[in-house]
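# Summary of structural features
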Amino acid sequence: MATNRIKIFDTTLRDGEQAPGCSMTLREKLRIAKALADLNVDIIEAGFPAASPGDFDAVKAIADENRGPVICGLARCNPEDIAKVHEAVKSADKHRIHVFVATSAIHREYKLKMAKEEIIKSAVGAITMARELCDDVEFSPEDASRTELSYLAEVVSAAIEAGATTVNIPDTVGYTVPAEFDKLFRYLHEHVTGIENITLSVHCHDDLGMAVANSLAAVGAGARQVECTINGIGERAGNCSLEEVVMALKTRSEFYSLDTGIDSTRLYPTARLVSGITGMQIPRNKAIVGENAFAHEAGIHQHGMLQHASTYEIMRPEEIGISKSNLVLGKHSGRHAFRDRVRDLGFDLDDFEVNRAFQEFKKLADKKKDMYDGDIEAIIMNVDNSSTGPWTLKSLQITSGTGIDATATLELLDENGAQIRKEAVGDGPVEAAFTALEDASGIDLTLKNFELHSATVGEDAQGEATVVVEFNGQPFRGHGASQDIIEATCRAYLEVINRILRRRELGLEEIKATTDVNRATI
Ligand code: KIV
Ligand code: ZN
């Protein structure tokens, strides 16, 4: 189906979430799904329902909101997975079942231990079953880029005959290069009967830093769906970055003559939202959405820019939704202006949440000279996390210095007003505070990663802390913000402790499967 329209298939909530430390709560996923719908992506791959009850619930909740894009779920080639996806997505007006099985010799021999014919049989069985449940079925031969071309063409032909409406060609391990991928797509066009009747899709990983280039090569050779993630998050080095591929097609439209339906002015807010939620900082020099992407330092460049912006700028910042002035609100700003800004930043808060965030905004505005977008984002993330209890931080006192142990004294309050006070000593203030929180809650965590960064500029900026910890072999991520960096750190740690306690109360135990335990059984 060679049209001029490229479908954008966003997999931030499925492949993106598979990135270490990127797992998200249901509420966070709903927030991202709403932002993706506002961005006008064509398809949202909302998750892998068979991976865990949490994944199933999230896909179902996203489908239930039915915000416009096709809602898709991933399944291995077995009846249980397929039935689960259907159950999870069917409430959305437009829904899709995406089935996959690996096809390369390496995967056949070492992972699946299946012969070529068996794999085709399982793919055909899975697609046939999925088509009985749903008109929109996508098939992916995993590790396609390392699969023998003639066998790949055979698999794709069988998939189309069985009823697949989209066939996706993944470069699962980020191994291919643009010229080779171009050849692969052209080969399929020549050797697969019926390929003109389906949407051919591309799905690239960034292990060699070529996910966007490879996706564009596939588009040049006839692919009409690109699978990608916001900020390129995903397994290992990540996936093809949505904002990069969309802006490449837009900025070089005279070369490609292709359109996406994306509202590019939502790219920057969506990138910030995903980064805030996942705690995956956007590198300053990241194309399109990095802080430096539109900064011109060199004198000669600044001189050129003053004469005419197009001398050194190929896109305008407003095209991707960067407001000209990042200085937004002050301490005299009202609730309406605050609410509008919150919405522009991609957050969909109810009245209660806006009021809570506004109170925090006012408190901070009293202490801080200039309020930036980053301050508002940090406040919202904080309010969101701290509103989830059972424990809240009432007070924190730290003593530390050169040549002495650090001491943390903190008080926690629970929902019923009960109070607990703990004091702990550590080599530094962070260790002391973490030990006091663990003693107070009885939850013993292993810290895996700790990041601290400034939400905005200036000495009075808020510090944003992100922690990744392990509990019972499972990773948890927490986020906190405050002008006091140790308090921000404590809030991040406490968020995780609260989440574990809530899960315990509900009797939930999360088991996170991965696509690697892939065994076709149809
Ligand atoms: O990278 C990959 O091969 C995938 C498939 C499941 C599409 O994510
Ligand atoms: Zn992938």
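Residues numbered from 1 in each chain as written. Chains lettered and ligands numbered in written order. Predicted model: local features only at pLDDT ≥ 70, side-chain atom pairs only at ≥ 80, totals over all residues. Heavy atoms only, no water.

A count of helices and strands for the chain gives 17 helices and 16 strands. A compact globule built from 522 residues would reach a C-alpha radius of gyration of about 24 Å, and the chain, at 24 Å, matches this within 12%. Oriented by its inertia axes, the alpha-carbon framework of the chain measures out at about 70 × 65 × 45 Å. By the burial criterion, 55% of the 522 residues in the chain qualify as buried. Of the contacts made within the chain by residues no fewer than 6 positions apart, 67% connect residues no fewer than 24 positions apart. Surface summary for the chain: the accessible area is close to 22500 Å², and the carbon and sulfur share equals 50%. Seen as two clouds, the 56 positive and the 81 negative side-chain charges of the chain have centres 3 Å apart. (Helix = DSSP H or I, 4+ residues; strand = E, 2+ residues; numbered from the N terminus. Rg over C-alpha atoms; globule rule 2.2 N^0.38 Å. Buried < 20%, exposed > 50% of the residue type's maximum accessible area, 1.4 Å probe, protein only. Contact = heavy atoms within 4.5 Å. Areas by Shrake-Rupley, 256 points an atom, 1.4 Å probe, with all protein chains shown as cover. Lys, Arg positive; Asp, Glu negative; His and termini not counted. Charge placed at Lys NZ, Arg CZ, Asp CG, Glu CD.)

Of note, E227 is situated in strand 8 (residues 225-228). Within the buried core, E227 has no salt-bridge partner, and the shortest N-O distance to an opposite charge, that of R14, equals 5.3 Å. A distance of 3.2 Å separates polar atoms of two side chains, one belonging to E227 and the other to N168. Engagement of the side chain of E227 in a polar contact is seen with the side chain of Q225, the distance being 3.0 Å. Ignoring anything within four residues of it in the chain, the contact list for E227 reads F9, H98, E138, N168, S201, V202, H203 and C240. (Salt bridge = Lys/Arg side-chain N within 4 Å of Asp/Glu carboxyl O. Polar contact = N/O pair within 3.5 Å; in protein donor to acceptor, adjacent residues only side chain to side chain.)

Looking now at the pairing of strand 16 (residues 474-482). By the criterion of burial, strand 16 is predominantly enclosed, with eight of the nine residues buried. Looking at chain direction, strand 15 (residues 463-471) and strand 16 are connected through nine bridges and run antiparallel. The residue bridging F471 from the neighbouring strand is Q474, located in strand 16. With antiparallel pairing between neighbouring strands as the criterion, strand 15 and strand 16 make up a hairpin whose turn holds two residues, including N472 at a positive phi of roughly 50°. (Pairing = 2+ DSSP bridges.)

On to the coordination of the zinc ion (ligand 2). Summarising the metal site, the zinc ion (ligand 2) is bound by the protein donors D15 (OD), H203 (NE2) and H205 (NE2), whose distances to it range over 2.0 to 2.1 Å. Within one chain, the residues donating to the zinc ion (ligand 2) are spaced in sequence as D-x187-H-x1-H. Separated by 190 residues along the polypeptide, D15 in the loop between strand 1 (7-10) and helix 1 (26-39) and H205 in the loop between strand 7 (199-204) and helix 8 (211-220) bring together distant segments of the chain. With relative accessibility at 3%, the residue D15 sits in the buried group. (Donors = N, O, S within 2.8 Å, 3.2 Å for Na, K, Ca; no water.)

Side chains of L447, F450, L452 and I485 sit close together on the surface and give an oily, nonpolar patch of about 310 Å² of accessible area. At three residues, the largest contribution of residues to the nonpolar patch is made by strand 14 (residues 446-454). Structurally, I485 can be placed in helix 17 (residues 485-505). Note on I485: relative accessible area 43%, which makes it partly exposed. (Patch = residues over 30% accessible without salt bridge, like charges linked within 9 Å, V, L, I, M, F, W, Y side chains within 5 Å.)

Taken together, R14, D15, H98, F100, S140, E142, N168, P170, T172, H203 and H205 make up the full set of residues adjacent to ligand 1. Separating an oxygen atom of ligand 1 from a side-chain N or O atom of D15 is a distance of 3.1 Å. Here an oxygen atom of ligand 1 sits 3.0 Å away from a polar atom, N or O, in the side chain of H205. Out of a free accessible area of 260 Å², ligand 1 has 96% covered by protein chains. Mapped onto the shell around ligand 1, the elements with two or more residues apiece are strand 4 (95-102), strand 5 (137-142) and strand 6 (166-171). Split into classes, the residues belonging to the shell around ligand 1 amount to two nonpolar, six polar and three charged. (Near = heavy atom within 4 Å. Nonpolar A, V, L, I, M, F, W, Y, C, P; charged D, E, K, R; others polar.)

Let us now look at the domain arrangement of the chain. Along its sequence, the chain is carved into domain 1 (7-278), domain 2 (290-324), domain 3 (335-385) and domain 4 (388-505). Centre-to-centre, using C-alpha coordinates, domain 1 lies 35 Å away from domain 3. Counting from both sides, the interface comprises 10 residues of domain 1 and, opposite them, 13 residues of domain 3. Both sides together, the interface formed by domain 1 and domain 3 hides about 960 Å², and carbon and sulfur atoms give 41% of it. (Domains from an automatic or database assignment. Buried area = accessible area lost by both parts, 1.4 Å probe.)

Before going further, it helps to spend a moment on helix 5 (residues 116-133). Turn by turn, an α-helix covers 3.6 residues, leaving residues three or four places apart pointing in a common direction. The terminal C-alpha atoms of helix 5, which comprises 18 residues, lie 26 Å apart, in line with the 26 Å expected from a rise of 1.5 Å per residue. Buried residues of helix 5: I119, I120, S122, A123, A126, I127 and A130, and no others. Seen along its axis, helix 5 keeps its buried residues to an arc of 165°; they face one direction. Opposite the packed face of helix 5, turned more than 90 degrees from it, sit the exposed residues E117, K121 and E132. (Expected span 1.5 Å × (residues − 1). Arc of directions from axis to C-beta.)

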